[in-house]
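# Geometric and topological summary
Take a look at the letters that make up each chain.
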Amino acid sequence: MQQPKLATFFDPATATVTHVVYDQPGGHAAIIDPVLDYDAKSGRTSSRSARQLLDFLHGQQLTLQWILETHAHADHLSAAAWLQQQAGGQIGIGSGIVQVQKIFQSVFNLGDDFATDGSQFDHLFADNEVFYIGKLQAKALFVPGHTPADMAYQIGDAVFVGDTLFMPDVGSARCDFPGGDAAMLYHSVRKLLSLPDSTRLFMCHDYPAKERPIAWESSVAEQKQHNIHLHAGIREADFVALRQARDATLEMPLLILPAIQVNIRAGRFPEAESNGVRYLKIPLDML
């Protein structure tokens, strides 16, 4: 089985892990879940984190073929649009994004001018759709639960799981966002853990206890044996009860309101208003 080349970048402000996957130096690359820096106090954005990705592409002489989103993130703004402006490539996400867009069109009262057909993205992946990153064969895997639109990407012997699984000592992703479903997540993870035990699993976040460093790689075997929420022996009903009880204690992510508005637009900002300034909405007493 192919073993893709990989470079990983961790953003401590949002605990997000961005992966650059490529076939060979001088070849083709995909960037998975890139971060656009955002200061919640001032509303200012910057491309500091994304420039690290761009520098890596240039250093390896890589052509950016894909910018892959595992879902419309609630914890960081996507740098997909900025990266595409700088380096090209297609922005891809799962076809379930249309359901997420419809949910948040209502939440943010975006009106009929906001398209809910996924057309902000260059490509909407179907479940089990095969695509290529240079010489690497990849497959999109539909893994809903955290949101209705989550996708994992299987590239050679590696799967980039997005917000489904975390490292075994952290467990699983929350399922209390609009459209989330703990039972769906259970079955999505069972799908991932039915892959060969040696399959490498790469996380999108890490929230470690203080005694261990940041990590983002595990295996199917490790997750089946040690995941505190979704180990091999747990029953669906027990997981759903555990996940729902935990979700009831969680606060909303700090950046959910700005992030969702940008991320359902494929990392683009709303159009500027008459004064030349772009604005994001803050719905009161909604979430």
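Since we're looking at a predicted model, the values are computed, not measured. Note that residues are indexed from 1 along each chain, following the sequence as it is written. For this predicted model, a pLDDT threshold of at least 70 governs which residues receive local features, and a threshold of 80 or more governs which side-chain atom pairs are given and counted, while totals over whole chains, interfaces and linings are taken from all residues. To get the side-chain values, all heavy atoms of the structure are used, and hydrogens and water are removed first.

### Quick look at the side chain of aspartate 163
- Secondary structure elements follow DSSP: runs of H or I of four or more residues count as helices, runs of E of two or more count as strands, with numbering from the N terminus. Topologically, aspartate 163 is positioned in the loop between β13 (158-160) and α4 (182-192).
- Within the structure, the side chain of aspartate 163 is placed 3.3 Å from the side chain of histidine 146, a separation counted as a polar contact.
- A distance of 3.3 Å separates polar atoms of two side chains, one belonging to aspartate 163 and the other to histidine 205. Think of a polar contact as two N or O atoms within 3.5 Å of one another; within protein, one of them needs to be a possible hydrogen donor and the other a possible acceptor, and neighboring residues in sequence only count if both atoms come from side chains.

### Section: the packing of aromatic side chains
- Here is the rule: rings of Phe, Tyr and Trp (six-membered ring for Trp) pair when centre to centre is within 6.5 Å. Planes less than 30 degrees apart are stacked, more than 60 are edge-to-face, and the remainder are tilted. Applying the stated criterion to the full structure yields 11 aromatic pairs.
- Between tyrosine 22 and phenylalanine 56, the aromatic rings sit 5.7 Å apart at their centres with planes inclined by 65°, giving edge-to-face as the arrangement. Within this pair, whereas tyrosine 22 is found in strand β2 (residues 16-22), its partner phenylalanine 56 is found in helix α1 (residues 48-60), the two being separated by 34 residues in sequence. With respect to class, tyrosine 22 is no different from phenylalanine 56; both count as buried.
- Plain terms: the ring middles of tryptophan 66 and phenylalanine 131 are 5.3 Å apart, the flat faces sit at 70° to each other, and that makes the pair edge-to-face. Note that tryptophan 66 is positioned in strand β6 (residues 63-68) and phenylalanine 131 in strand β10 (residues 130-133), a separation of 65 residues in sequence. In this structure, tryptophan 66 and phenylalanine 131 share a single accessibility class: buried.
- In this structure an aromatic cluster arises from ring pairing among Trp66, Phe125, Phe131 and Tyr153. Using a 1.4 Å probe on the protein chains alone, a residue whose accessible area is under 20% of its type maximum counts as buried, one over 50% counts as exposed, and one in between counts as partly exposed.

### Here we look at the sheet that holds β2
- Paired strands are those between which DSSP finds at least two bridges. What the six strands build is an open sheet, ordered β1-β2-β3-β6-β8-β9; its pairing is mixed. Whereas interior strands pair on both sides, the edge strands pair on one side only; in this sheet they are β1 (5-11) and β9 (123-125). Pairwise comparison of adjacent strand axes, ignoring direction, gives a mean angle of 25° for this sheet.
- The sheet contact formed by β2 and strand β3 (residues 28-32) spans four bridges and is antiparallel. Axis definition: a line fit to C-alpha positions, over the contact stretch in the case of helices; interaxial angles, taken between N-to-C directions, run 0 to 180 degrees.

### Some details on the side chain of histidine 73
- As for its position among the elements, histidine 73 is in the loop between β6 and β7 (77-78).
- A polar side-chain atom of histidine 73 sits 2.8 Å from a polar atom in the side chain of aspartate 33.
- In what follows, residue pairs with any heavy atoms lying within 4.5 Å of each other are defined as contacts. Dropping the residues within four chain positions of it, histidine 73 is found in contact with Asp33, Cys204, Ala259, Ile260 and Asn263.

### Re the environment of alanine 182
- Mapped onto the elements of the fold, alanine 182 is located in helix α4.
- Residue classification places alanine 182 among the buried residues on the basis of a relative accessible area of 6%.
- Not counting residues up to four positions away in its chain, the partners in contact with alanine 182 are Cys175, Phe239, Val240 and Arg243.

### Regarding the environment of aspartate 127
- The residue aspartate 127 is located in the loop between β9 and β10 in this model.
- Taking the C-alpha atoms as reference points, aspartate 127 and valine 143, 16 residues apart in sequence, are found 8.8 Å from one another.
- Those residues in contact with aspartate 127, other than ones at most four positions away along the chain, are Ala140, Leu141, Phe142, Met151 and Lys191.
- Reaching out from aspartate 127, the side chain makes a polar contact with the backbone nitrogen of phenylalanine 142 at a distance of 2.9 Å.

### Re the pairing of β2
- For β2, the buried fraction is high: seven of the seven residues fall into the buried class.
- Where burial is concerned, the two faces of β2 agree: the one with Thr16, Thr18, Val20 and Tyr22 and the one with Val17, His19 and Val21 are both buried.
- The sheet contact formed by β1 and β2 spans seven bridges and is antiparallel. Opposite threonine 8, over in β2, you have histidine 19 as the bridge partner.
- The hairpin formed by β1 and β2 contains four residues between the paired strands, and alanine 15 there has a positive phi angle of roughly 55°.

### Digging into the sheet that holds strand β5 (residues 44-46)
- An order of β5-β4-β7 is seen for the three strands of this open sheet, with the pairing classed as antiparallel. One side of each edge strand has no neighbouring strand; the edge strands of this open sheet are β5 and β7.
- Where strand β4 (residues 35-39) and β7 come together, two bridges link them in antiparallel fashion. Paired with leucine 36 across the bridge in β7 is leucine 77.

### Comments concerning the pairing of strand β12 (residues 151-155)
- By the criterion of burial, β12 is predominantly enclosed, with five of the five residues buried.
- The two faces of β12 match: Met151, Tyr153 and Ile155 on one face and Ala152 and Gln154 on the other face are all buried.
- Two strands pair when backbone bridges link them, and strand β11 (residues 136-142) and β12 are joined in this way by five bridges, in the antiparallel orientation. Counted as the bridge partner of leucine 141 is alanine 152 from β12.
- As defined by bridge partners, β12 adjoins β13 across three bridges and the pair is classed as antiparallel. Paired with tyrosine 153 across the two strands is phenylalanine 160, which belongs to β13.
- Linking two consecutive strands that pair antiparallel, namely β12 and β13, is a turn of two residues; a positive phi of about 60° is found at glycine 156 within it.

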